[in-house]
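Geometric and topological summary
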Amino acid sequence: MATPLILDCDPGHDDALAILLAVADPAVDLLAVTTVAGNQTVDKCTLNARRVLSLAGVTSVPVARGADRPLARELRIADDVHGGTGLDGPTFTGTPAVPESELSAHDLLVDILSRTPATIVATGALTNIAQLLMESPEAAANITEIVWMGGSTGRGNIAPLAEANAYVDPEAAEVVVDSGIPFTMCGLNVTHQALVTDDVLARLERIGTPLARVCGEWMTYFASTYRKVFGFESPPLHDPVAVARVIDPAIVHCVEANLIIETAGDWTAGATVVDLDGYTGRRPNARIAVELDREAFWDKIIGAVAALG
Ligand code: RIB
Ligand code: CA
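The structure reproduced in this document is the subject of the present report. Here the structure is a predicted model, which is why all the values come from computation and not from measurement.

Check the secondary structure of the chain and you find 13 helices and nine strands. For 309 residues, the compact-globule formula gives about 19 Å, and the C-alpha radius of gyration of the chain, at 18 Å, lands near that figure. Taken along the three principal axes of its C-alpha coordinates, the chain extends 55 × 40 × 40 Å. In the chain, which comprises 309 residues, the share counted as buried stands at 55%. For the chain, the proportion of contacts with a sequence separation of at least 24, taken over those separated by at least 6, is 83%.

Below you can see the structure in the form of C-alpha cells.
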C-alpha cells in the first residue's frame, strides 16, 4: 500500500523536484502540500507550489499556506540561490490552475491527521510542524514519521556549522526533534551526493516533454547560482532525497544517533550536533542519513518526470 504523505516545503528549485517525485511515485500517496517561508516569502513559495503542481497537471492535491516567519527569529530568505521568485529560470505568466486551499497549513494538517496517520516530509524550516506539535498535539500524534531535508553531520551552507533549513528556524527544529516522533534527518552530508551532473541534465532533455524542459531550465538556473555562491561544479538536489527515503528506504542508508539542535550558540545557532561516535552517552533519537544510492535515486527522479508526461 502506498504511504500516505504530506510534503511541507518552501519551493525552491529542489523542492519543486521533490513535489514532482512525491506526486508521481506510486509508493507514496501525496495528500497535501503545505508551504513555509524559507527560500522565499511564504507568498512566493505558495505560488510556486501551485505552479509546480499545475505544470504537472495535478489538480487533486491541495496546497495550503503555512508560517510566514520563524518561531522566534527574523526570516532569512535564500534569493541568492533561488532568485527573486524563489523559482527563477523559466518565465511564467498567468495564474496557476491549482488554487490555494482555503485552509491554512495548520488547519489542513489537523484535518488530514485527524482522519488518517501520515508521514511528513519537510524540506524547509520546521516552523509549521513545530506549531502543529505545540497547538494541536492530538492531531500531531497521528504523524507516523517526520523525514526532514535539513541539517548536516558536518559543515553548513549558510553559516559555518548550520545548514539553511536548520538555520532559518532552529527553535522549531528543536521542538520537532524533541517531540519523540520518529525523526529522520537527510542532511547536506548525504544530499551533496545527489549532484545534478551533465549526465542528469542530458537524461532530462531526452524525456522531451514540456515539463522535462522546465525541469532542465530550473536545474540550469540552480547550477548557475550554486557555481556562483558555493563554487560547485554541479548543484546538489537536496530535497528529493527525503522523499526518496520514504519511497524506498534502501535508497538512503541511515544510522541511528543522538541529534541535538543548537539554538543558543553565539556562532553556531542552527548547528545539528550529530553524535555518530557516542561521545555524549545520550541515546539515539534520530535516524541520520549517511549514504545515497545515486543510481537508484536518479532513476526515481527521471522516472517521475517522465511519468508525469
Ligand atoms: O540547504 C538546502 C535546503 O535549503 C533545501 O531545502 C533548499 O531548498 C533550501 O531550503
Ligand atoms: Ca527546501
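Resuming the write-up.
Turning our attention to the site of ligand 1. Around ligand 1, the structure places 14 residues, and the nearest of them are Asp-14, Asn-157, Glu-163, Asn-165 and Asp-239. Measuring from an oxygen atom of ligand 1, one finds a side-chain N or O atom of Asn-39 at 3.0 Å. Take Asn-157: an N or O atom from its side chain is 2.8 Å from an oxygen atom of ligand 1. Of all elements in the fold, only helix H1 (13-24) and helix H7 (164-168) reach the threshold of two or more residues within the shell around ligand 1. Counted by class, the shell around ligand 1 contains three nonpolar, six polar and five charged residues.

Backbone torsion omega between Pro-11 and Gly-12 reads -15°, so that peptide bond is classified as cis. Following the sequence through the fold, Gly-12 ends up in the loop between strand S1 (3-9) and H1.

This next bit is on the environment of Ala-223. Summarising the element assignment, Ala-223 is placed in helix H11 (residues 210-230). Remark: the alpha-carbon pair of Ala-223 and Pro-4, spanning 219 residues in sequence, is separated by 32 Å.

Turning our attention to the coordination of the calcium ion (ligand 2). Each pair of donors in an ideal four-coordinate tetrahedral metal site encloses 109.5 degrees, whereas pairs in an ideal six-coordinate octahedral site enclose 90 or 180 degrees. Taken together, the protein ligands of the calcium ion (ligand 2) are Asp-10 (OD), Asp-15 (OD), Asp-15 (OD), Thr-123 (O) and Asp-239 (OD), with distances of 2.2 to 2.6 Å. Within one chain, the residues serving as donors to the calcium ion (ligand 2) are arranged as D-x4-D-x107-T-x115-D. Here Thr-123 is found in the loop between strand S4 (118-122) and helix H5 (127-135), whereas its partner Asp-239 is found in the loop between H11 and helix H12 (240-247), with 116 residues between them in sequence. Side by side, Thr-123 and Asp-239 carry an identical accessibility label, which is buried.

Right, let's get into the sheet that holds strand S3 (residues 63-65). Ordered by their spatial adjacency, nine strands build an open sheet running S3-S2-S1-S4-S5-S6-S9-S7-S8, and the pairing between neighbours is mixed. This sheet does not close on itself; its edge strands, each paired only once, are S3 and strand S8 (272-275). Averaged over all adjacent pairs, the angle separating strand axes in this sheet is 30°, with direction ignored. Summarising the sheet, strand S7 (residues 252-261) and strand S9 (residues 286-292) pair through six bridges and their orientation is antiparallel.

It is worth spelling out the packing of aromatic side chains at this point. Here the structure, examined in full by the defined rule, presents seven aromatic pairs. A ring pair is formed by Trp-148 and Phe-183, whose centres lie 5.9 Å apart and whose planes are at 45°; its orientation type is tilted. Pair noted here: Trp-148 is in strand S5 (residues 143-149) and Phe-183 is in strand S6 (residues 183-186), with a separation of 35 residues, a long-range link. Accessibility expressed as a relative area gives 0% for Trp-148, which makes it buried. Judged by its relative accessible area of 2%, Phe-183 falls in the buried class.

Tracing the sequence through the fold places Asp-10 in the loop between S1 and H1. No salt bridge is formed by the buried Asp-10; its nearest oppositely charged neighbour, Arg-76, is found at 12 Å. A distance of 2.8 Å separates the side chain of Asp-10 from the backbone nitrogen of Asn-39, its partner in a polar contact. Non-local contacts of Asp-10, meaning those with residues more than four positions away in its chain, are made with Asp-15, Val-36, Gly-38, Asn-39, Cys-45, Thr-123, Gly-124 and Asn-165.

On to the packing of H12 against helix H13 (residues 294-307). Helices that pack against each other are described as a pair by the angle of their axes relative to one another and the distance between those axes. Where H12 meets H13, the closest approach of the two axes is 11 Å, and the angle between their N-to-C directions is 100°. With respect to H13, the element H12 is oriented roughly perpendicular. Contacts between H12 and H13 involve Pro-240, Val-241, Ala-244 and Ile-247 from the former and Phe-297, Lys-300 and Ile-301 from the latter. Residues that form the contact of H12 with H13 fall into these classes: six nonpolar, no polar and one charged.

Attention now goes to a negative patch on the surface. Together, Asp-248, Glu-291, Asp-293 and Glu-295 make up a region of like negative charge exposed at the surface. With a relative accessible area of 62%, Glu-295 lands in the exposed category.

One pass over the full model with this rule turns up nine salt bridges. The residue Arg-69 makes a salt bridge to Asp-68 at a minimum N-O spacing of 3.2 Å. Among the residues examined, Asp-68 registers a relative accessible area of 43% and is labelled partly exposed. Arg-287 is the partner of Glu-256 in a salt bridge, and the nearest nitrogen-oxygen pair spans 4.0 Å. Pair noted here: Glu-256 is in strand S7 and Arg-287 is in strand S9, with a separation of 31 residues, a long-range link. You can call Glu-256 exposed: its relative accessible area is 57%. We classify Arg-287 as partly exposed; its relative accessible area is 29%.

The rules behind the values
- Residues numbered from 1 in each chain as written.
- Chains lettered and ligands numbered in written order.
- Predicted model: local features only at pLDDT ≥ 70, side-chain atom pairs only at ≥ 80, totals over all residues.
- Heavy atoms only, no water.
- Helix = DSSP H or I, 4+ residues; strand = E, 2+ residues; numbered from the N terminus.
- Rg over C-alpha atoms; globule rule 2.2 N^0.38 Å.
- Buried < 20%, exposed > 50% of the residue type's maximum accessible area, 1.4 Å probe, protein only.
- Contact = heavy atoms within 4.5 Å.
- Near = heavy atom within 4 Å.
- Polar contact = N/O pair within 3.5 Å; in protein donor to acceptor, adjacent residues only side chain to side chain.
- Nonpolar A, V, L, I, M, F, W, Y, C, P; charged D, E, K, R; others polar.
- Donors = N, O, S within 2.8 Å, 3.2 Å for Na, K, Ca; no water.
- Pairing = 2+ DSSP bridges.
- Axes fitted to C-alpha atoms, helices over the stretch in contact; angles between N-to-C directions.
- Phe/Tyr/Trp six-rings, centres within 6.5 Å; stacked < 30°, edge-to-face > 60°.
- Lys, Arg positive; Asp, Glu negative; His and termini not counted.
- Salt bridge = Lys/Arg side-chain N within 4 Å of Asp/Glu carboxyl O.
- Parallel < 35°, antiparallel > 145°, perpendicular 65-115°, else oblique.
- Patch = residues over 30% accessible without salt bridge, like charges linked within 9 Å, V, L, I, M, F, W, Y side chains within 5 Å.
- Areas by Shrake-Rupley, 256 points an atom, 1.4 Å probe, with all protein chains shown as cover.
- Charge placed at Lys NZ, Arg CZ, Asp CG, Glu CD.

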